[in-house]
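Per-entry structural report
This is what each chain is made of:
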Amino acid sequence: MLRSLRGARLAAAFVSMLLLSGTAAACGSGSGSPAAAPGTAGSGAAAPGSGAFPVTIENKFGSTTITSEPQRIVTVGLTDQDAVLALGKVPVGTTDWLGGYKGAIGPWATGKLGSAAVPTMLTDTGTGPQVEKIAALAPDLILALYSGLTKEQYETLSKLAPVVAQPKEYNDYGIPWQAQTEIIGKALGKEAEGRKLVEDVTASFAAARKEHPEFAGAGAVVATPYEGFFVYGSQDSRSRTLTSLGFTLPSDLDTVIGDQFGASISKERSDLLDQKAIVWTVPDLVKGPAALHEDKLYKDLNVAKESREVFIGESTDYGKAFSFVTVLSLPYVIERLVPQLAAAVDGDPATKVEEPAA
């Protein structure tokens, strides 16, 4: 169930879910190019194209060298498969997160499979890496960018294949989709293609901002009714979707959240919810809003009284795409989210925020 983000991630125990892939490794500490920042390519890049090897990419635990173009890729990062698909390759193995999709490939990405076989989907049982299943896939590259991989897990997987782990610049599960796409492009020898993918989606955000100048500087937040009010911080990808559309997060949000992707806030800080707009991800689109509007604290906030709310069903394709936040899922989300946000902030409480048709 998304409400608990598959349970473990919200409890920061999700790290154990990230152990899958590998064959013939190269990892170590020291030199190498730093992980790309949002909208920029990693430094020290080789020339773009399939001949761009060897290439070295730094990560949280050191650096990883990829000596030749990968052919058998396993994604440990929970959303890394989308960038691989967008760059024209199909992983042999993926890691399940949201559930309900064959090969952990969402409907916004299935068109990229072509005639290739659906990837083998790996599911963490809570005991750590499925090393035997990983080895059976004989991968030559393991991607773990959108992850909470531990050093021990990284070292174990690196005995099987080169592992591109999460960058040290961001919290676990905090890598922006731009950096994720460009680093994966670099790892696959398709750095220029990765940059172009980022530019195209960035242009879609820019077009939405131009069409809706009312978004600029408006306060907004993303939350879910988990253990009270769970609010996502600035390093969470869902929050970044709002800021990419021009919205502004509460100034002290990260002070309250800490170095996590999000946290349940105290009743005393329910003011964080009272923004120009709030996006709720809820398990049920009927029961979820009703329960919130019965909550004594929440129902008296202006954001609730003036219907400045967007409710997204977390188990719907739209809800899963909203949580996925990748180069492939974002166009799907922008098309649906922007009209909802426009209705929420139009200044008229009578305006209904309609659910997307599909």
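Shown above is the structure to which this text applies.
For the structure given in this document, a descriptive report is provided here. (Residues numbered from 1 in each chain as written. Predicted model: local features only at pLDDT ≥ 70, side-chain atom pairs only at ≥ 80, totals over all residues. Heavy atoms only, no water.)

**Quick notes on helix α5 (residues 191-211)**
Stated precisely, the cut-off is as follows: Going along the chain from the N terminus, every DSSP run of H or I of four or more residues is numbered as a helix, and every run of E of two or more is numbered as a strand. What a helix is expected to span follows from its residue count: subtract one and scale by 1.5 Å. Partly exposed describes any residue whose relative accessible area lies between the buried limit of under 20% and the exposed limit of over 50%, with all areas from a 1.4 Å probe on protein chains only and scaled to the type maximum. Note that the arc is defined by the directions from the helix axis to the C-beta atoms. Contacts between residues were defined by any pair of non-hydrogen atoms, one from each residue, lying within 4.5 Å.
In this model α5 runs 31 Å from its N-terminal to its C-terminal C-alpha over 21 residues, within 8% of the 30 Å that 1.5 Å per residue would give. For α5, the set of buried residues is E191, G194, V198, V201, F205 and A208. The buried residues of α5 occupy an angular sector of 110° when the element is viewed end-on, so they sit on one face. In α5, the exposed positions that point more than 90 degrees away from the buried face belong to K210 and E211. On its buried side, α5 packs onto α4 (177-187), α6 (237-244) and α12 (329-344).

**Comments concerning the pairing of strand β13 (residues 309-313)**
To keep things clear, this is the line we draw: DSSP calls a pair of strands paired once it identifies at least 2 bridges connecting them.
Among the five residues in β13, five count as buried, and that is most of the element. Side-chain alternation along β13 places E309, F311 and G313 on one buried face and V310 and I312 on a second face that is also buried. Pairing geometry for strand β12 (residues 277-282) and β13, over five bridges, is parallel. From the neighbouring strand, T281 faces β13, where its bridge partner is I312.

**A word on a negative patch on the surface**
To be explicit about the condition: Patch definition: residues above 30% relative accessible area lacking any salt bridge, with like charges linked at up to 9 Å and the nonpolar side chains Val, Leu, Ile, Met, Phe, Trp and Tyr linked at up to 5 Å. Surface exposure here means Shrake-Rupley accessible area, sampled with a 1.4 Å probe, where a residue is shielded only by the protein chains that are shown. Criterion for a salt bridge: a side-chain nitrogen of Lys or Arg within 4 Å of a carboxyl oxygen of Asp or Glu. Charge counting treats Lys and Arg as positive and Asp and Glu as negative, with His and both chain ends excluded. Lys charges are placed at NZ, Arg charges at CZ, Asp charges at CG and Glu charges at CD.
Judged by side-chain charge, E211, E214, D346 and D348 come together as a negatively charged surface patch. Mapped onto the secondary structure, D348 falls in the segment after α12. The exposure class of D348 is partly exposed, given its relative accessible area of 39%.

**Points about the nonpolar core**
We count it as follows: We define a nonpolar core as any set of buried Ala, Val, Leu, Ile, Met, Phe, Trp, Tyr and Cys residues linked to one another through side-chain atoms lying within 4.5 Å.
Membership of the largest hydrophobic core comes to 70 residues, with the highest contact counts inside it found for V164, L245, F247, L337 and L341. With ten residues, α12 is the single largest residue contributor to this core. Core analysis: the next-biggest nonpolar cluster, separate from the first, contains 20 residues, V231, A263, W280 and V282 among them.

**Topic: the sheet that holds strand β9 (residues 220-224)**
As a reminder, the rule being used: Working convention: axes come from line fits to C-alpha atoms, limited for helices to the stretch in contact. Angles between N-to-C directions cover 0 to 180 degrees.
Read from one edge of the open sheet, five strands run β11-β10-β9-β12-β13, paired in mixed fashion. Every interior strand has two partners, whereas the edge strands, β11 (262-265) and β13, have only one. Strand-to-strand, the axes of this sheet are offset by a mean angle of 30°, without reference to chain direction. Set on the sheet, α6 makes contact with β9, β10 (229-232) and β12; between it and β9 the angle comes to about 155°. Its contacts with the sheet place helix α11 (residues 317-324) against β9, β12 and β13, and it is angled at close to 105° to β13.

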